[in-house]
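Now for the letters of each chain:
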Amino acid sequence: MDTLYSGGGLQIPRPVVKFFVKAFLLFVVWKALYIFLLLPGRVLDRPLTRFVGNATVGVMNVVEGHAAYSALEARESLDIRRDGEQTLRVADACNALELMVLYIGFILCFPAPGRRKVIFILAGCVLITLFNVLRCMALVWIFVHYRAYLDFSHHFLFTFLIYAFIFLLWYIFTKKLTFHGRTA
């Protein structure tokens, strides 16, 4: 086995070290790019927050069969209202951008054919966005029908579910890859 570090019984395979070095460098580059260039003008956040909020409103109106829901854009968020009452605020921090970057980072750092990476990045970002819209719809529904469970659902239940979903996407991505003659 090709190891980079082998001391005290610990052996770290070179591909694992390469993965973590790539991930660290990608993280630093992303954070610098985001903080200094993208965040001040909300270049990615504004359209993504609008999309998630407006999609949530649109689907909720279709599901309920009438136009009770509306969206009101606020600074760095989009408020979802039901018959004029605020039900949910989709803030930039809740638009799933960071989750997509985390997902994409893993895909880029993992050794795999380029075509597979592109397919999984595109499909994964679409699925994460759709999952986030469903999450927002569920939070609106919980707000309207079971308001006492909103905080738990937002901070724990749906956080767990969305990370589990991303882990599932990663698992599917790695499932048929081969490494040194072995299938992952």
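Procedures and definitions
- Residues numbered from 1 in each chain as written.
- Predicted model: local features only at pLDDT ≥ 70, side-chain atom pairs only at ≥ 80, totals over all residues.
- Heavy atoms only, no water.
- Helix = DSSP H or I, 4+ residues; strand = E, 2+ residues; numbered from the N terminus.
- Rg over C-alpha atoms; globule rule 2.2 N^0.38 Å.
- Buried < 20%, exposed > 50% of the residue type's maximum accessible area, 1.4 Å probe, protein only.
- Contact = heavy atoms within 4.5 Å.
- Areas by Shrake-Rupley, 256 points an atom, 1.4 Å probe, with all protein chains shown as cover.
- Lys, Arg positive; Asp, Glu negative; His and termini not counted.
- Charge placed at Lys NZ, Arg CZ, Asp CG, Glu CD.
- Core = buried A, V, L, I, M, F, W, Y, C linked by side-chain atoms within 4.5 Å.
- Pairing = 2+ DSSP bridges.
- Axes fitted to C-alpha atoms, helices over the stretch in contact; angles between N-to-C directions.
- Left-handed = near helix turned anticlockwise from the far one by under 90°.
- Nonpolar A, V, L, I, M, F, W, Y, C, P; charged D, E, K, R; others polar.

With that settled, consider the overall build of the protein. Scanning the protein from N- to C-terminus turns up five helices and seven strands. Going residue by residue from the N terminus, the α and β elements of the protein occur as β-β-α-α-β-β-β-α-α-α-β-β. Computed over the C-alpha atoms, the radius of gyration of the protein is 20 Å, more than 25% above the 16 Å expected from 2.2 N^0.38 for a compact globule of 184 residues. Seen along its three principal axes, the alpha-carbon backbone of the protein occupies a region of about 65 × 35 × 35 Å. Every one of the 184 residues in the protein was classed for burial, and the buried ones make up 35%. A fraction of 57% describes how many contacts in the protein between residues 6 or more apart in sequence connect residues 24 or more apart. Per element, the accessible surface of the protein, about 11,300 Å² overall, is 69% carbon and sulfur. With 19 positive and 11 negative side-chain charges, the protein shows a separation of 14 Å between the mean positions of the two kinds.

This paragraph deals with the nonpolar core. By size, the foremost hydrophobic cluster in this structure holds 44 residues, and its most contacted members are I80, Y103, I107 and I128. Breaking this core down by element, the ones donating at least two residues are α1 (14-41), α2 (45-64), β4 (77-82), β5 (85-91), α3 (97-109), α4 (114-145) and α5 (150-175). Of all the elements, α4 adds the most residues to this core, at eleven residues. In contact with I107, not counting residues within four places along its chain, are K117, F120, I121, W170 and F173.

Pairing of strand β3 (residues 69-74) with β4 involves six bridges; the strand directions are antiparallel. Note that in β4 the partner of L72 across the bridge is D79.

A word on the packing of α1 against α3. Where α1 contacts α3, the axes come no closer than 9 Å and their chain directions differ by 145 degrees. Crossing handedness for the pair α1 and α3: right-handed. Packed against α1, whose contacting residues are F19, K22, A23, L26, W30, K31 and Y34, the element α3 presents L97, E98, V101, G105, F106, L108 and C109 at the interface. Across the contact of α1 with α3, the residue classes tally to ten nonpolar, one polar and three charged.

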